[in-house]
Amino acid sequence: MRMQTNDQTGNIHAQTISAWKTPDFSYPNNMFVSYVDIFSPPRDGCYLLTFNTSLKSTTGNSTYATIRLKKNGGTLAEAQEAEANDQGFNPKHRFLSVSDIIYITSSDTIRIDIQADNQYRLIGGARSVFIAHNVD
């Protein structure tokens, strides 16, 4: 299954990504759950979950961003990027990626949280993609 996000904005508070579009490719069908709980496996098993995204700061002086892959509320994997603030207030773009192989049942909840230190825009379309593969 491969799905993309629509544009979403945020700020310093962690939030669950909720701007998912329906999957570009999904087999079998009906694995997409909702705009927040994004993935329900067709059967229990081990899955490789990958999320890639591009963020753009909308205030210019952003210094960090974090994404978290979560299962049932607990963090499984996290990607973070941080830098010294250059005081140039130039809008910054960040690319973050997180992957993990985990055991998932059909009753598990899979979410992706995102957080940055200032106002940001999650770049939608092909720049923000969630992919799930069964690996067992």
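Values in this document were obtained by computation on a predicted structure and should not be read as measured data.

Colleague: Could you clarify how one ought to interpret the side chain of Thr50 in this entry?
Modeller: Structurally, the position occupied by Thr50 is in strand β4 (residues 45-57). Sequence-distant contacts of Thr50, that is, excluding residues within four places in its chain, are made with Val98, Ser99, Val129, Phe130 and Ile131.

Colleague: What should I look at first to understand the nonpolar core in this one?
Modeller: Core analysis: the largest hydrophobic core is formed by 25 residues, its most contacted members being Phe39, Leu49, Phe51, Ile110, Ile112 and Phe130. Mapped onto this core, the elements with two or more residues apiece are β4, β5 (64-71), β6 (74-82), β7 (93-104), β8 (110-116), β9 (120-122) and β10 (125-134). When near neighbours in sequence (up to four residues on either side) are disregarded, Leu49 contacts Phe39, Leu69, Val98, Ser99, Asp100, Ile102, Ile104, Ile110, Phe130, Ile131 and Ala132.

Colleague: Would you mind going over the side chain of Asp108 with me for this structure?
Modeller: In this fold, Asp108 is placed in the loop between β7 and β8. Residue class for Asp108 comes out buried when judged on its relative accessible area of 12%. A distance of 2.8 Å separates a polar atom in the side chain of Asp108 from a polar atom in the side chain of Asn72. Once residues lying within four places of it in the same chain are set aside, the contact partners of Asp108 are Phe39, Lys71, Asn72 and Tyr103.

The rules behind the values
- Residues numbered from 1 in each chain as written.
- Predicted model: local features only at pLDDT ≥ 70, side-chain atom pairs only at ≥ 80, totals over all residues.
- Heavy atoms only, no water.
- Helix = DSSP H or I, 4+ residues; strand = E, 2+ residues; numbered from the N terminus.
- Contact = heavy atoms within 4.5 Å.
- Core = buried A, V, L, I, M, F, W, Y, C linked by side-chain atoms within 4.5 Å.
- Buried < 20%, exposed > 50% of the residue type's maximum accessible area, 1.4 Å probe, protein only.
- Polar contact = N/O pair within 3.5 Å; in protein donor to acceptor, adjacent residues only side chain to side chain.

Any functional reading would require information beyond the geometric quantities listed.
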